[in-house]
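# Close look at the chain arrangement
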Amino acid sequence: MGSCPGFGIQTVDREVEDARALGLSAGARLHRVTLGGRGAVEHAVPTLVRALPGDAVEFRSVDHRVHTVAFLSDSLSSEGLAFLEGTGQLSGPPLVTRGSHFLLRLEDAPKGRYPFISEGHGGTAHGAIEVGPLTGDEPVEGS
C-alpha cells in the first residue's frame, strides 16, 4: 500500500485490489495480458508475467477479432501439465469480443514456467507465466 501525501489516505495496489474482488487469497495479485494485433500480426503484452502461487492472470482481448490462449503441454513440467489439466485451464475459450477474457487461477500452482501461445489475426504470439518466489531483483510485469 502507498499513501497520498497530505491526506493520510492509504492507496491500495490495483493488482491486489482486483485480486480481492475476484475472491483470491490475501496478498494475491491479478496480472493482465492483453491480446490484440494489427493485420496478420498477433500480440500478447506483456510476453512474460512473473507471479506467485495464489495469483491469477487475466488474458483480455482488446479488439473485435477472435483470440485463443493455450498452454504448450510439451513445454510444461509434468507437475505444471497436471495442474493445468486438473483445473481445466490448459486452454481458454475463444475470446470473440473486445473485453472478453480468460482467467488463469494459480491457487496451488506448482512453481515453474508455463509457456503459452495466443492465436488470432492469422498469426501467433508467444509468452510465458513464471510461477515462483520472486527474489526482488527482477521487475514484476503484467499489470
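For the structure itself, look to the data block above.
Worth saying up front: this structure is predicted, and the values here are computed from it rather than measured. (Residues numbered from 1 in each chain as written. Predicted model: local features only at pLDDT ≥ 70, side-chain atom pairs only at ≥ 80, totals over all residues. Heavy atoms only, no water.)

## Some details on the sheet that holds strand 10 (residues 123-131)
- Pairing within the open sheet is mixed, and its four strands lie in the order 5-10-9-7. What marks the edges here is a single partner per strand, and that holds for strand 5 (48-51) and strand 7 (68-71). Here the strands of the sheet are splayed against their neighbours by 25 degrees on average, with no regard to which way each runs.
- In terms of strand pairing, strand 7 meets strand 9 (residues 112-120) through four bridges, oriented antiparallel. Counterpart to Ala-70 in the pairing with strand 9 is Ile-117. (Pairing = 2+ DSSP bridges. Helix = DSSP H or I, 4+ residues; strand = E, 2+ residues; numbered from the N terminus. Axes fitted to C-alpha atoms, helices over the stretch in contact; angles between N-to-C directions.)

## Points about the sheet that holds strand 3 (residues 30-38)
- On the basis of which strands lie adjacent, the open sheet formed by four strands has the order 4-3-6-8 and mixed pairing. The open sheet has two edge strands with one neighbour each: strand 4 (41-45) and strand 8 (101-105). Strand-to-strand twist across the sheet, computed as the mean angle between neighbouring axes with direction ignored, equals 15 degrees.
- Examined bridge by bridge, strand 6 (residues 56-61) and strand 8 share five bridges and lie antiparallel to one another. Paired with Ala-56 across the strands is Arg-105, a residue of strand 8.

## Describing helix 1 (residues 14-21)
- Listed in full, the buried residues belonging to helix 1 are Glu-15, Val-16, Asp-18 and Ala-19. Along helix 1, the residues classed as buried sweep out an arc of 165 degrees about the axis, all on the same side. Opposite the packed face of helix 1, turned more than 90 degrees from it, sit the exposed residues Arg-14, Arg-20 and Ala-21.
- The elements touched by buried residues of helix 1 are strand 3.
- Where helix 1 begins, one side-chain oxygen reaches toward the backbone nitrogen of Glu-15, 3.0 Å away; that side chain belongs to Asp-13. (Buried < 20%, exposed > 50% of the residue type's maximum accessible area, 1.4 Å probe, protein only. Arc of directions from axis to C-beta. Contact = heavy atoms within 4.5 Å. Polar contact = N/O pair within 3.5 Å; in protein donor to acceptor, adjacent residues only side chain to side chain.)

## What to know about the packing of aromatic side chains
- Taken as a whole and assessed by the stated rule, the structure comprises four aromatic pairs.
- Here Phe-59 and Phe-71 contribute two aromatic rings whose centre-to-centre distance is 6.3 Å and whose plane-to-plane angle is 75 degrees, an arrangement assigned as edge-to-face. Taken together, the residues span a long stretch of sequence, with Phe-59 in strand 6 and Phe-71 in strand 7 at a distance of 12 residues.
- Accessibility expressed as a relative area gives 0% for Phe-59, which makes it buried.
- Centroid distance Phe-59 to Phe-116: 5.0 Å. Interplanar angle 80 degrees. Geometry classified as edge-to-face. Of this pair, Phe-59 sits in strand 6 while Phe-116 sits in strand 9, and the two are 57 residues apart along the sequence. (Phe/Tyr/Trp six-rings, centres within 6.5 Å; stacked < 30°, edge-to-face > 60°.)

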